[in-house]
Amino acid sequence: MFLCLALAFAAPAAQANPDIWVKSKIIYRLQNESVVGLALEWQFDRYFSSRTIDTVDADGDGVFSESEAARLRQEIFDPLSESHYHLHVLSDGAPRDFSVATFEPGIENERLLFRFAVEFGPPVPYTREALVVSQFDERIVFDFAFMEQGFLLVEGPLAAGCKFRIGRGKGPLKGHDKTIALICEDQ
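Draft legend 1. View of the packing of helix H2 (residues 46–56) against helix H3 (residues 66–77). Viewed as axis vectors pointing N to C, H2 and H3 meet at an angle of 125 degrees, and their least axial separation amounts to 10 Å. Relative to H3, the element H2 lies oblique. In terms of crossing hand, the pair formed by H2 and H3 is right-handed. On the side of H2, the interface is formed by Phe48, Thr52, Thr55 and Val56, while H3 contributes Glu68, Arg71, Leu72 and Ile76. Along the lines of polarity and charge, the residues of the contact of H2 with H3 split into 4 nonpolar, 2 polar and 2 charged.

Quick look at the structure:
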């Protein structure tokens with residue numbers, strides 16, 4: 001049964017409706033007037049959460065052991081690397097590479113959580129051009145929405161003249177429902 005869940009992540013979608021709903025939070029990690037990375041939290045829908053938790057949390061204690069967390073990473077999270085974890089990052093209009101630094105699954109209020117961080121190498125300096133971030137699945141297996149509260153946070157000093165703009169995607173991100181652009185006017 002768990003293999004079927006994992007295959008849902010890897011197989012192309014045959015329908016136009018998502019199978020998995022995710023509410024997300026993004027934390028911009030800032031240092032020395034640059035974005036060094038992002039920390040993300042995904043909260044999965046009740047149905048996907050209950051099936052996955054029942055399958056993976058073998059002892060039913062509501063906490064993922066080290067081996068259970070490793071199984072989640074191997075069977076669900078790591079396969080998402082093929083789609084860059086549905087994370088699209090543009091710097092000055094060009095796609096930006098990143099690597100996953102940490103991954104921690106959890107259970108909160110009977111919901112499956114993935115907390116992970118990505119790092120940019122090298123860091124992205126503030127510029128007049130936007131650093132644009134979007135979470136979007138072109139295959140429509142996942143549907144991403146922001147958490148109702150606290151979905152956009154900053155860790156570290158944000159320079160004066162910098163602001164976030166949320167809107168629909170443009171250019172390479174055309175069709176993305178929600179993008180977050182960090183724009184620094186005085187840099």
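Draft legend 2. Up close: the pattern of salt bridges. By the definition in use, this model includes 8 salt bridges. Residues Arg29 and Glu155 are paired through a salt bridge, measuring 3.3 Å at the closest nitrogen-oxygen approach. Of this pair, Arg29 sits in strand E1 (residues 20–31) while Glu155 sits in strand E9 (residues 152–155), and the two are 126 residues apart along the sequence. Its relative accessible area of 29% is what places Arg29 among the partly exposed residues. Residue Glu155 is classed as partly exposed on the basis of its relative accessible area of 40%. The partner of Asp78 in a salt bridge is Arg73, and the shortest N-O contact between them spans 3.1 Å.

Draft legend 3. How the structure looks around empty space enclosed by the protein. Tallied over the entire structure, the rule returns 1 cavity of 30 Å³ or more. If you add up the space inside the largest cavity, you get close to 70 Å³. As for the largest cavity, its lining consists of Val35, Ser91, Asp92, Val124, Pro125, Tyr126, Thr127, Glu129, Ala130, Leu131, Leu182 and Cys184. Going through the elements one at a time, strand E6 (111–125) and strand E11 (179–184) are the ones with two or more residues in the lining of the largest cavity.

Draft legend 4. Structural view of the packing of aromatic side chains. Tallied over the full model, the rule gives 15 aromatic pairs. Their ring planes at 50 degrees and their centres at 6.2 Å tell us that Trp42 and Phe142 sit as a pair that is tilted. Placement of Trp42 in strand E2 (residues 34–44) and of Phe142 in strand E8 (residues 142–146) is noted, with a sequence separation of 100 residues between them. Across this residue pair, the class does not change: Trp42 and Phe142 are buried. Taking the centre distance of 4.2 Å and the plane angle of 20 degrees together, the rings of Phe77 and Phe103 count as stacked. Of this pair, Phe77 sits in helix H3 while Phe103 sits in strand E5 (residues 99–108), placing them 26 residues apart in sequence.

Draft legend 5. Structural view of the side chain of Glu41. With respect to the secondary-structure elements, Glu41 resides in strand E2. A distance of 3.1 Å separates polar atoms of two side chains, one belonging to Glu41 and the other to Arg115. Excluding its chain neighbours within four sequence positions, the residues that come into contact with Glu41 are Lys23, Ser24, Lys25, Leu113, Phe114, Arg115 and Met147.

Draft legend 6. Main features of the sheet that holds E11. Strand order in the open sheet made by the 5 strands is E4-E3-E7-E11-E10, with antiparallel pairing throughout. The outermost strands of the open sheet, each flanked by one partner alone, are strand E4 (94–95) and strand E10 (162–167). Relative to E11, E10 runs antiparallel, the two being bridged by 6 bridges. Its bridge partner lying in E11, Ile166 is registered against Ile180.

Draft legend 7. Quick peek at the layout of surface pockets. The computed volume of the largest pocket comes to approximately 350 Å³. Together, 18 residues line the largest pocket, and Ala130, Val132, Lys170, Thr179 and Ala181 are the ones closest to its centre. Looking at the lining of the largest pocket, the elements with two or more residues in it are E10 and E11. Of the residues belonging to the lining of the largest pocket, the class tally is 8 nonpolar, 4 polar and 6 charged.

Reading the values: the criteria
Sequence positions are assigned chain by chain, starting from 1 and proceeding in written order. Residue-level local features of this predicted model are given only where pLDDT is at least 70; pairs of side-chain atoms are given and counted only at 80 or more, and the full residue set underlies all totals for whole chains, interfaces and linings. Side-chain calculation: all heavy atoms of the structure are included, whereas hydrogens and water are not. Axis definition: a line fitted to C-alpha atoms, over the contacting stretch in the case of helices. Angles run 0 to 180 degrees between N-to-C directions. Numbering of helices and strands runs from the N terminus; a helix is a DSSP stretch of H or I covering at least four residues, while a strand is a stretch of E covering at least two. We call two directions roughly parallel when the angle between them is under 35 degrees, roughly antiparallel when it is over 145, roughly perpendicular when it lies between 65 and 115, and oblique otherwise. Take the far helix as the reference: if the near one is turned anticlockwise from it by less than a right angle, the crossing is left-handed, and if turned clockwise, right-handed. Only heavy atoms matter for contacts: two residues are in contact if any of them lie within 4.5 Å across the pair. Residue classes follow a fixed rule: Ala, Val, Leu, Ile, Met, Phe, Trp, Tyr, Cys and Pro count as nonpolar, while Asp, Glu, Lys and Arg count as charged, and any other residue, Gly among them, counts as polar. For salt bridges, the criterion is a side-chain nitrogen of Lys or Arg within 4 Å of an Asp or Glu carboxyl oxygen. Under the scheme applied here, a residue whose accessible area is under 20% of the maximum for its type counts as buried, over 50% as exposed, and between as partly exposed, the area being computed with a 1.4 Å probe on protein chains only. Points on a 1 Å grid, built from protein atoms alone, make a cavity when a 1.4 Å probe fits but cannot get out and make a pocket when they are open with protein on both sides within 12 Å along at least 5 of 7 lines; residues with an atom within 4 Å of a point are the lining residues. Grid points are joined across faces, edges and corners, and a volume is the space filled by probe spheres set on the points. Between the rings of Phe, Tyr and Trp (Trp by its six-membered ring), a pair exists once the centres lie within 6.5 Å; its type follows the angle of the planes, with under 30 degrees stacked, over 60 edge-to-face, and the other angles tilted. Within 3.5 Å is the distance limit for a polar contact, defined as a pair of N or O atoms, with the added protein rule that one can donate a hydrogen and the other accept it, and that residues adjacent in sequence qualify only through two side-chain atoms. At least two bridges found by DSSP between two strands are what make those strands a pair.

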